[in-house]
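Architecture at a glance
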Amino acid sequence: MKTKNTKVQKWVIAAFVVILCIFSAIVFIRYHDLNLRVAGKEFLNSRFTEIINKNSKHGLIDSETGKKLVGFRFDDISSVGSDVVVRVENDGKAGLLSLVSFEMILPTEYDIIHSFECQTGLCCAFRNDSLFFFDETGKRKPFAYALNGTDPVNFYGFDQYCLSIVPITNKNATYLALIDTNGNIITKEPYNNIETHP
């Protein structure tokens, strides 16, 4: 009787080991290409963690469940001061990705995308020597500005007062002005330099 029980126990242990090996092999095959590392960046929405695979492509996982939400298809993912949108980059161009639908709301066609700086939920983006403003759904505001060679590093989008510096071209001269979130120019005369302070 003892021999029969011992044989059954050995058979159960052997079956368990085989099942464990098969499960481990499936997990290894499925996730081998990940070879992941965590990027260590903080997003306003802490539910998401940026991960990077062995080919230096970036994706997003759910911080609580580990579920992959965005595949490894970006060169970089970074915060833009929003808890529903992140900036993504490929081949030196930037776009916006929704953290609600995990779909692109702005294609990676922009040279620079600055953060959402005030409670209005607007950011600014640069492409083809022009400045545009977008909301957190990717909808473009009905105003845009030609940079005319002005360095885009001078423009950061809306500040804490919900004002933005923009270039205005008038009679072949470019000057700086302040606009509100509706695109209304609120400065009365042209300026060569405008600085905003916290």
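Thresholds, definitions, all that
Residues numbered from 1 in each chain as written. Predicted model: local features only at pLDDT ≥ 70, side-chain atom pairs only at ≥ 80, totals over all residues. Heavy atoms only, no water. Helix = DSSP H or I, 4+ residues; strand = E, 2+ residues; numbered from the N terminus. pLDDT = per-residue confidence, 0-100. Contact = heavy atoms within 4.5 Å. Buried < 20%, exposed > 50% of the residue type's maximum accessible area, 1.4 Å probe, protein only. Lys, Arg positive; Asp, Glu negative; His and termini not counted. Salt bridge = Lys/Arg side-chain N within 4 Å of Asp/Glu carboxyl O. Polar contact = N/O pair within 3.5 Å; in protein donor to acceptor, adjacent residues only side chain to side chain. Phe/Tyr/Trp six-rings, centres within 6.5 Å; stacked < 30°, edge-to-face > 60°.

A few words now on unusual backbone geometry. In this structure, Phe102 is a non-glycine residue whose phi angle is positive, near 60 degrees. Positionally, Phe102 belongs in the loop between strand S7 (93-98) and strand S8 (104-110). Residues other than glycine seldom take positive phi values, yet Asn128 does so here, at roughly 50 degrees. Of note, Asn128 is situated in the loop between strand S10 (122-127) and strand S11 (130-135).

The share of residues in the protein chain with pLDDT of 70 or more is 70%, and the mean pLDDT across the chain is 77. Scored below 50 in pLDDT, residues 27-36 makes 15 contacts in the model with residues more than four places away or belonging to other chains.

A few words on the side chain of Arg87. If you trace the backbone, Arg87 turns up in strand S6 (residues 85-90). No salt bridge is formed by the buried Arg87; its nearest oppositely charged neighbour, Glu89, is found at 4.2 Å. A polar atom in the side chain of Arg87 sits 2.2 Å from the backbone oxygen of Ile113. Residues in contact with Arg87, not counting those within four places in the same chain, are Asp76, Ile77, Ser78, Ser79, Val80, Ala94, Gly95, Leu96, Ile113, His114 and Ser115.

Centre distance and the angle of the planes are the two values used to describe a pair of aromatic rings. Taken as a whole and assessed by the stated rule, the structure comprises four aromatic pairs. Centre to centre, the rings of Tyr110 and Phe132 are 6.4 Å apart; their planes meet at 85 degrees, and the pair counts as edge-to-face. Linking Tyr110 in strand S8 with Phe132 in strand S11, this pair joins segments that are 22 residues apart in sequence. The buried category is assigned to Tyr110, whose relative accessible area is 5%. Residue classification places Phe132 among the buried residues on the basis of a relative accessible area of 9%. Between Phe143 and Tyr145, the aromatic rings sit 6.2 Å apart at their centres with planes inclined by 55 degrees, giving tilted as the arrangement. The exposure class assigned to Phe143 is buried, which follows from its relative accessible area of 10%. Residue classification places Tyr145 among the buried residues on the basis of a relative accessible area of 10%. An aromatic cluster is defined as three or more aromatic residues linked by ring pairs; in this entry it consists of Tyr110, Phe132 and Phe134.

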